[in-house]
Amino acid sequence: MPFFYKRKGRLPALIAILILGLCMRVGASNSTAYTYTLSAEGEWIRTQDAYLVGSILLRDAGLNKPEDIFVFGNNIYIADTGNGRIVVFDRETNGLSEIRHEGMQSPYGIYVNSEAVYAADPVAVKIFKLSHSGELLQEFGRPKEATFGSKTSFKPKKVTVTDDGTLFVVSEGSYDGIIQLSSTGQFLGYFGYNNIRLSLLEQVQDLIFTEEQKQKLFRRVPKTFYNLAADGQNMIYSITKGVEGDAVKKHNIAGYNMFDYMADEANFEDITIGSEGQVLAVTETGLIYEYSNDGDLLFSFGGRAISSERNGLFTVASGIAVDGQGCIYVLDKEQGILHFFYPTAFALKTHQAILLYNQGKYHESLSVWQDLLRQSGNSRLAHNGIAKCYTQMQEYELAAEHFRI
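I will try to describe carefully the structure that is included in this document. (Residues numbered from 1 in each chain as written. Predicted model: local features only at pLDDT ≥ 70, side-chain atom pairs only at ≥ 80, totals over all residues. Heavy atoms only, no water.)

**Remarks on the environment of N64**
Rules: The helix and strand labels rest on DSSP assignments: H or I over at least four residues marks a helix, E over at least two residues marks a strand, and numbering proceeds from the N terminus. Relative accessibility decides the category of a residue: with a 1.4 Å probe and only protein chains considered, values under 20% of the type maximum give buried, values over 50% give exposed, and everything between is partly exposed. When checking whether two residues touch, look at their non-hydrogen atoms; a contact exists if any pair is within 4.5 Å.
Relative to the helices and strands, N64 is located in the loop between β4 (51-57) and β5 (68-72). Residue N64 is classed as partly exposed on the basis of its relative accessible area of 31%. A C-alpha to C-alpha distance of 9.9 Å links N64 and R85, two positions 21 residues apart in sequence. Non-local contacts of N64, meaning those with residues more than four positions away in its chain, are made with D80, T81, G82 and N83.

Below is the structure:
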């Protein structure tokens, strides 16, 4: 990749400057929290800043306990839950508008495409499909099919929609999985699952008690899904609260998790997928995790504002979204404001290395990974990226060396 070699010192910096201009026309400051990644030994280490903090947005929008955010085109859509509306922020003009409907009470989750705005409302017990001007196009209520179950909970809190119009719904108290609805509202079944995890005491009880005793004494149910997202290939991603190691899942078409054991948190609030397939999740305490589309941790940054309010630190984070330029937007539910971050040259170069590998350009990807390893020190991600490139290039001894590290 001769062009990159000749200008490798200037190109990422130039891209970062352009990205900042495209993301928002606002002031920026230095990072308010360090960026971390995993070392080759699996320990947390500091690395170069992956994202820098821009200004606070929507201070004067009057948001009341906003729960969700979605970026579509030039607009940012906010589920303003406490005010029973959807706020639309135009990033080009900084103009504000809103979408309301008389039946909508507490929109909790939103999804937007070119056709409509979908709002999941657990209080109204419906999902509203609205036009971009606010006209009601369709309502999705509790499924009437017998296969759904007469006692099954239906309190839709989050929703995403695939290209064929299928709705994937996270419902409060639904232990059977993510609810699938057709474009006409027909119940299609459940998607995905969470395993039941047993404590040490429960494992001992399983060895001692009979099946009849266990049925009488225990009511074991899996954790419910908490949030979800879809990527450009209609793959579904989910997060589950209260678990570690598989809190983030990437589901195949059969619903099975494609991610291995991951570095994650037990209190993720929201998940979103970037245009290059990167997976981003935010915790209630404001920690932001970014993964590759294979589930490898790229970066972790952010955190909670403890003693004072600072850009890029959160009181209670509730939603995360990313635009086509890689800029990240995170809702602070408690403060009713929106933080945004823009990628540095270091983050852009990491994305480039992954993209080149996925495109089959292994020599080019290797060059970028080697440069990143020099910049980031003993990074597990960089060693793994180099090893995979060498494997594809049939340089197995070199691949084994980096895999061994």
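Anyway, onward from the coordinates.
**A look at the packing of aromatic side chains**
Put simply, the rule is: Each Phe, Tyr or Trp ring (for Trp, its six-membered ring) is paired with any other whose centre lies within 6.5 Å, and the angle between the two planes then decides the class: stacked below 30 degrees, edge-to-face above 60, tilted in between.
The full count for this structure, using the stated rule, is 17 aromatic pairs. Considering the side-chain rings of W44 and Y289, the 6.1 Å spacing of their centres and the 90° angle between planes classify their relative orientation as edge-to-face. Residue W44 is located in strand β3 (residues 44-47), and its partner Y289 is located in strand β22 (residues 287-291); the two are separated by 245 residues in the primary sequence. Accessibility expressed as a relative area gives 3% for Y289, which makes it buried. Relative to Y190, the ring of F148 lies with its centre 6.3 Å away and its plane at 20°, an arrangement referred to as stacked. Taken together, the positions of F148 in the loop between β12 (136-140) and β13 (156-161) and Y190 in strand β16 (residues 187-191) put the pair 42 residues apart, joining distant regions of the chain. When its relative accessible area of 2% is taken as the criterion, F148 is described as buried.

**Section: empty space enclosed by the protein**
The condition is simple: Here a cavity denotes grid points, spaced 1 Å and computed from the protein atoms alone, that fit a 1.4 Å probe unable to get out, and a pocket denotes an open set having protein on both sides within 12 Å along at least 5 of 7 lines; residues with an atom within 4 Å of a point are the lining. Grid points are joined across faces, edges and corners, and a volume is the space filled by probe spheres set on the points.
What the rule picks out here adds up to three cavities of 30 Å³ or more. Roughly 80 Å³ of internal volume is contained in the largest cavity. Lining the largest cavity, in full, are T37, T47, L298, F299, F346, T350, W369, L372, S376, S379, L381 and A382. Where the lining of the largest cavity is concerned, the elements lending two or more residues are β23 (297-302), α5 (345-358), α6 (362-376) and α7 (380-392). Looking at which element gives the most residues to the lining of the largest cavity, the answer is α6, with three residues. Size it by volume and the second largest cavity reaches roughly 70 Å³.

**Side note on the environment of S367**
Tracing the sequence through the fold places S367 in helix α6. Placed 19 residues apart in sequence, S367 and I386 show a C-alpha to C-alpha distance of 8.6 Å.

**Section: the nonpolar core**
As a reminder, the rule being used: Remark: nonpolar core denotes a set of buried residues (Ala, Val, Leu, Ile, Met, Phe, Trp, Tyr, Cys) joined through side-chain atoms within 4.5 Å.
Counting 33 residues, the largest nonpolar core has Y51, I288, F299, I328, V330, F341 and W369 as the members making the most contacts within it. Contributing elements (two or more residues each) for this core: β4, β21 (279-283), β23, β24 (317-322), β25 (328-332), α5, α6 and α7. Element by element, the count of residues in this core is highest for α5, at six residues.

None of the figures reported here should be taken as evidence of function without further support.
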